[in-house]
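Chain by chain, the residues run as shown.
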Amino acid sequence: MILNAAEDVQKFENIIKASGFLGHKIYADYISGQERDTNSFYISENCAFMLSGVNITLCGKPSADELEEILRFCDFCSVKSIESQIENLPLKADRQMHIMEYTGGETLSCEDIITNTDIYSFIKFCCINFHNLCFDIVYANFTRKVNKGIADIYYLKQNGKIASGAIATDYGKNSVYITFVSTAQEYRNQGLAAKVLSHIISQNKDKKVILKCEDALKPFYEKFGFKAVDRITVYKE
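Residues numbered from 1 in each chain as written. Predicted model: local features only at pLDDT ≥ 70, side-chain atom pairs only at ≥ 80, totals over all residues. Heavy atoms only, no water.

*Asks:* Help me understand the overall build of the protein chain in this model?
*Replies:* Counting secondary structure elements, the protein chain contains seven helices and twelve strands. Computed over its C-alpha atoms, the radius of gyration of the protein chain comes to 18 Å, within 12% of the 18 Å expected for a compact globule of 237 residues. In terms of principal-axis extent, the alpha carbons of the protein chain reach across some 55 × 35 × 35 Å. By sequence separation, contacts in the protein chain at least 24 residues apart represent 69% of the contacts at least 6 residues apart. Computing the positive centroid from 27 side-chain charges and the negative centroid from 30, the protein chain places the two 5 Å apart. (Helix = DSSP H or I, 4+ residues; strand = E, 2+ residues; numbered from the N terminus. Rg over C-alpha atoms; globule rule 2.2 N^0.38 Å. Contact = heavy atoms within 4.5 Å. Lys, Arg positive; Asp, Glu negative; His and termini not counted. Charge placed at Lys NZ, Arg CZ, Asp CG, Glu CD.)

Written as structure tokens, this is what we have:
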């Protein structure tokens, strides 16, 4: 039986805290939104998941019956994709994402990096560079996280415009998760994203720094000092 997380908070927290990368992702969203509601978070007997718009992040080890019930839930909610580390779900595998961990050496901070200023404009910038983002959801999500001290937004400007940036979110114990690494089209191949990454890592020297990427970007992150440690499958409903 699928339950809202509020009906058994202890069980929900136990599942996500024991579920590695995606469990930490769910937990970061959960604690940033606790004061609001828990309507986006669910549990069954052996797994937990987060509903975000028309996408689901699923963690744990569901039985065949649980999985069948979750897929019915997806149909009811018109879910379009499921992000999971569970292998061989009975769905079409749309793409593989690599979980990368920074293993390189010293990095440098950058005085020109702007932090946690004009979140609205930065999320607008992200929506231009990443397709299929819902501005309202992403803006509300990261505004809550920044206000609660869970996330930090970093970006560089060129000619008065945001040129490159990323978001770093506290992710489990002593870990930071980097998302939305992006550079405006006209400023690419100038090393700006590398400056942003280097700055974020330099600000989190005592933490494990992780991110996820598709195959095409894996060589870039490996060259920068990241190593693939796991993977995620995104399934299409």
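After that view, the rundown keeps rolling.
*Asks:* What's the story with unusual backbone geometry in this structure? I'm lost.
*Replies:* Among all residues except glycine, the phi angle is most often negative; among peptide bonds, the trans geometry is most common. Residue Asn-116 is not a glycine yet carries a positive backbone phi of 55°. Relative to the helices and strands, Asn-116 is located in the loop between strand E7 (114-115) and helix H4 (119-129). Judged by relative accessible area, Asn-116 falls into the partly exposed class, the value being 28%. For Asp-118, which is not glycine, the phi torsion reads 55° and is therefore positive. Note on placement: Asp-118 falls in the loop between E7 and H4. (Buried < 20%, exposed > 50% of the residue type's maximum accessible area, 1.4 Å probe, protein only.)

*Asks:* It is not clear to me how the pattern of salt bridges should be interpreted in this structure. Could you clarify?
*Replies:* Between side chains of opposite charge, pairing is possible as soon as their charged atoms come close. Tallying each qualifying case throughout the model produces ten salt bridges. Its salt-bridge partner being Glu-83, residue Lys-212 comes within 2.3 Å of it at the nearest N-O pair. Residue Lys-212 is located in strand E11 (residues 208-213), and its partner Glu-83 is located in strand E5 (residues 81-84); the two are separated by 129 residues in the primary sequence. Take Glu-83: its relative accessible area is 8%, and that puts it in the buried class. For the salt bridge of Glu-186 with Lys-161, the shortest nitrogen-to-oxygen distance reads 3.2 Å. Of this pair, Glu-186 sits in the loop between strand E10 (175-183) and helix H6 (192-202) while Lys-161 is found in strand E9 (residues 161-170), placing the two residues 25 residues apart along the sequence. Each of Lys-25, Glu-83 and Lys-212 takes part in salt bridges that share partners, so that together they form one network. (Salt bridge = Lys/Arg side-chain N within 4 Å of Asp/Glu carboxyl O.)

*Asks:* Just checking my understanding: could you explain helix H3 (residues 64-76) for this structure?
*Replies:* Residue pairs three or four apart in sequence face the same way in an α-helix, which turns once every 3.6 residues. Given a rise of 1.5 Å per residue, 13 residues ought to cover 18 Å, and the 19 Å separating the end C-alpha atoms of H3 matches this to within 8%. The complete set of buried residues in H3 reads Glu-66, Leu-67, Ile-70, Leu-71, Phe-73 and Cys-74. Seen from one end, H3 has its buried residues packed into an arc of 155°, which puts them on one side. Opposite the buried face of H3, by more than 90 degrees, sit the exposed residues Ala-64, Asp-65, Asp-75 and Phe-76. Residues of H3 that are buried make contact with strand E2 (41-43), strand E3 (47-52), strand E4 (55-60) and E5. Phi turns positive, to about 55°, at Ser-78, one or two residues after H3. (Expected span 1.5 Å × (residues − 1). Arc of directions from axis to C-beta.)

*Asks:* Help me understand the sheet that holds E7, please; the structure alone is not making it clear to me.
*Replies:* Strand pairing in a sheet relies on backbone hydrogen bonds. The paired strands run either parallel or antiparallel. Taken in spatial order, the twelve strands line up as E1-E2-E3-E4-E5-E12-E6-E11-E10-E9-E8-E7 in an open sheet, and their pairing is mixed. The open sheet has two edge strands with one neighbour each: strand E1 (3-4) and E7. Two strands pair when backbone bridges link them, and E1 and E2 are joined in this way by two bridges, in the antiparallel orientation. Paired with Leu-3 across the strands is Ile-43, a residue of E2. Helix-sheet contacts for helix H1 (residues 9-17) involve E2, E3 and E4, and the interaxial angle to E2 is about 90°. (Pairing = 2+ DSSP bridges. Axes fitted to C-alpha atoms, helices over the stretch in contact; angles between N-to-C directions.)

*Asks:* Would you explain the pairing of strand E6 (residues 92-102) in this entry?
*Replies:* A regular strand places its side chains on the two faces of the sheet in alternate fashion. Looking at chain direction, E6 and strand E12 (residues 226-236) are connected through ten bridges and run antiparallel. Looking at the pairing, Tyr-102 lines up with Phe-226 of E12. Note: E6 against E11, four bridges, orientation antiparallel. In the strand pairing of E11, His-98 is matched with Cys-213.

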